[in-house]
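Structural overview
Single-letter residue listing:
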Amino acid sequence: MQNTVPSFPDALSDMVSQTGTEISGLEKLQYKVGAELSQTIWDGGVSKSQRDIVRADNAERQAQLDVQLYAIRERVENLFFGALLIDEQIKQTQTTQALLKNNLDRMKAMKANGTAMQSDVNMVEAQYLAISQQLIQAHSNSQSYRRMLEIFTGMEIAGKQLIKPTANMPDNMTVNRPEMYLFDVRAQANDARYSSIKAALMPKIGLFAQAYYGYPGFNNFKSMMNRDLSFNVLAGVKVSWNIGPLYTKKNRERQLRTASEGIAADRDIFLFNTSLQTQSQTDRINEIKSIMKDDERIVELRAGVRRAAESQLQNGVIDANALLSKITDENQARLSASYHEIQLIQSIYQLKYTLNR
């Protein structure tokens, strides 16, 4: 319903009516049923830039997930080598326990023969019991580490023997961490947003079509003469241009440039810190290798001193306290040698983790 509609001037209506033709004009009550279709054929690259942004955002989320999963690898490796160190401790402690048991039996025999005092027997037995307590604690710690490994890996590890891995230095020192890919996809996402700014400034071209059935039609003269319903179609090309983004262009570009500079700075800082860490880990590996050169000789010497002490004890030259000191020294030498070997392997794996090699 309209309050006014197009109509002929009164003078013209009077002239026409004199010919016997009545022109009533358009009705204020109008009705129509129709449909309108529109299709953008060129949007200045907005659709493409939006698709690029979506792909870049998805890639960034996946890269962030990869970084988080990669961090779990370090925790698993630390748990594994922790369990391996405890297993070596158990192994060497069992060796020391067997030595103490043999010497305890020997001391008891010497006591029965009157060549040793009860205090010497008690001293060796006390040390044997203390080592046994350490062994119980080590077994408990080993089970705790295995349970944690099972949680992280989803594998059944309890009761299984851990295999000591081989240690080979990385082929090269190039950083291949997932963080590097994360920096790349962040930069790509930023570039895609920058492209969307340019696309938003372009005009848009589209096709449109309108069709309706009703009154009045496009032929107003005919609709003024009668009240017949008609079918009407309108089609064409539409060009639109939204200049709103012009006012925010510089601000958005400045924000994206700042973001790009931040990404580049984060990348440089990460590479610098990784380089420092790599150098520190390489120095640590070389240090352990140098230390390990004398481990085997030290163990051999400590074992020889312990065997001599056992002989001296039987001959009454030294007491049980001196023997226990030699056994402790040998045990410490064996533990140190085992620890150095595992620490070397762990240090190499830490270096590989730092580089993702």
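In the block above lies the structure referred to throughout.
Just so it is clear, the model here is predicted, and its values are computed rather than measured.

1. Regarding the packing of helix H2 (residues 46–112) against helix H7 (residues 295–314)
To characterise two packed helices, one gives the angle between the axes of the helices and the distance between these axes. Axis separation between H2 and H7 bottoms out at 11 Å; the angle between their running directions is 10 degrees. Comparing the axis directions of H2 and H7 gives the class roughly parallel. Residues Leu 99, Asn 103, Arg 106, Met 107 and Met 110 of H2 lie in contact with H7, whose contacting residues are Arg 306, Glu 310, Leu 313 and Gln 314. In terms of residue class, the contact of H2 with H7 is made up of four nonpolar, two polar and three charged.

2. Here's the deal with empty space enclosed by the protein
Inspection of the entire model under this criterion finds one cavity of 30 Å³ or more. Taken as a whole, the largest cavity encloses approximately 40 Å³ of empty space. Lining the largest cavity are Gln 92, Thr 95, Thr 96, Leu 99, Ile 327, Glu 330, Asn 331 and Arg 334. Among the elements of the structure, H2 and helix H8 (320–355) are those that each provide at least two residues to the lining of the largest cavity.

3. Describing the nonpolar core
By size, the foremost hydrophobic cluster in this structure holds 15 residues, and its most contacted members are Leu 100, Met 107, Val 124 and Leu 323. Ignoring any residue separated from it by four or fewer positions in sequence, one finds Met 107 in contact with Ala 116, Asp 120, Val 121, Val 124, Leu 313 and Ala 320. Counting nine residues, the second largest nonpolar core, distinct from the first, contains Leu 84, Leu 149, Ile 157 and Ile 342.

4. Digging into H7
Here H7 spans 29 Å end to end across 20 residues, near enough to the 28 Å set by a 1.5 Å rise per residue. All of the buried residues along H7 are Asp 295, Val 299, Ala 303, Arg 306, Ala 309, Glu 310 and Leu 313. Within H7, the buried residues cover an arc of 120 degrees as seen down the axis, which keeps them to one side. Positive backbone phi, approximately 75 degrees, marks Gly 316, located one or two places after H7.

5. Points about the packing of aromatic side chains
Given two aromatic rings, one states the distance between the centres and the angle between the planes to describe the pair. Within this structure, the stated rule accounts for four aromatic pairs. Between Phe 80 and Phe 81 the ring centres are 5.3 Å apart and the planes differ by 80 degrees, which places this aromatic pair in the edge-to-face class. Aromatic pair Phe 183 and Phe 270: ring centres 5.9 Å apart, planes at 65 degrees, arrangement edge-to-face. Pair noted here: Phe 183 is in helix H4 (residues 178–200) and Phe 270 is in helix H6 (residues 245–292), with a separation of 87 residues, a long-range link. For the pair Phe 183 and Phe 270, one class covers both residues: buried. The structure contains a cluster of three or more aromatic residues connected by ring pairs, namely Phe 80, Phe 81 and Tyr 349. A cation over an aromatic ring shows up here: Lys 32 above the ring of Tyr 212, its NZ or CZ 4.1 Å from the ring centre. In this arrangement the basic side chain of Arg 177 is found over the ring face of Tyr 353, its NZ or CZ atom lying 5.0 Å from the centre.

6. Structural notes on the environment of Met 107
Within the secondary structure, Met 107 sits in helix H2. Along the sequence, Met 107 and Asn 122 sit 15 residues apart, while their C-alpha atoms lie 9.3 Å from each other.

Cut-off values and rules
Residues numbered from 1 in each chain as written. Predicted model: local features only at pLDDT ≥ 70, side-chain atom pairs only at ≥ 80, totals over all residues. Heavy atoms only, no water. Axes fitted to C-alpha atoms, helices over the stretch in contact; angles between N-to-C directions. Helix = DSSP H or I, 4+ residues; strand = E, 2+ residues; numbered from the N terminus. Parallel < 35°, antiparallel > 145°, perpendicular 65-115°, else oblique. Contact = heavy atoms within 4.5 Å. Nonpolar A, V, L, I, M, F, W, Y, C, P; charged D, E, K, R; others polar. 1 Å grid on protein atoms, 1.4 Å probe; cavity = no way out; pocket = protein on both sides within 12 Å on 5 of 7 lines; lining within 4 Å. Points joined across faces, edges and corners; volume = space filled by probe spheres on them. Core = buried A, V, L, I, M, F, W, Y, C linked by side-chain atoms within 4.5 Å. Buried < 20%, exposed > 50% of the residue type's maximum accessible area, 1.4 Å probe, protein only. Expected span 1.5 Å × (residues − 1). Arc of directions from axis to C-beta. Phe/Tyr/Trp six-rings, centres within 6.5 Å; stacked < 30°, edge-to-face > 60°. Lys NZ or Arg CZ within 6 Å of the ring centre and 35° of its normal.

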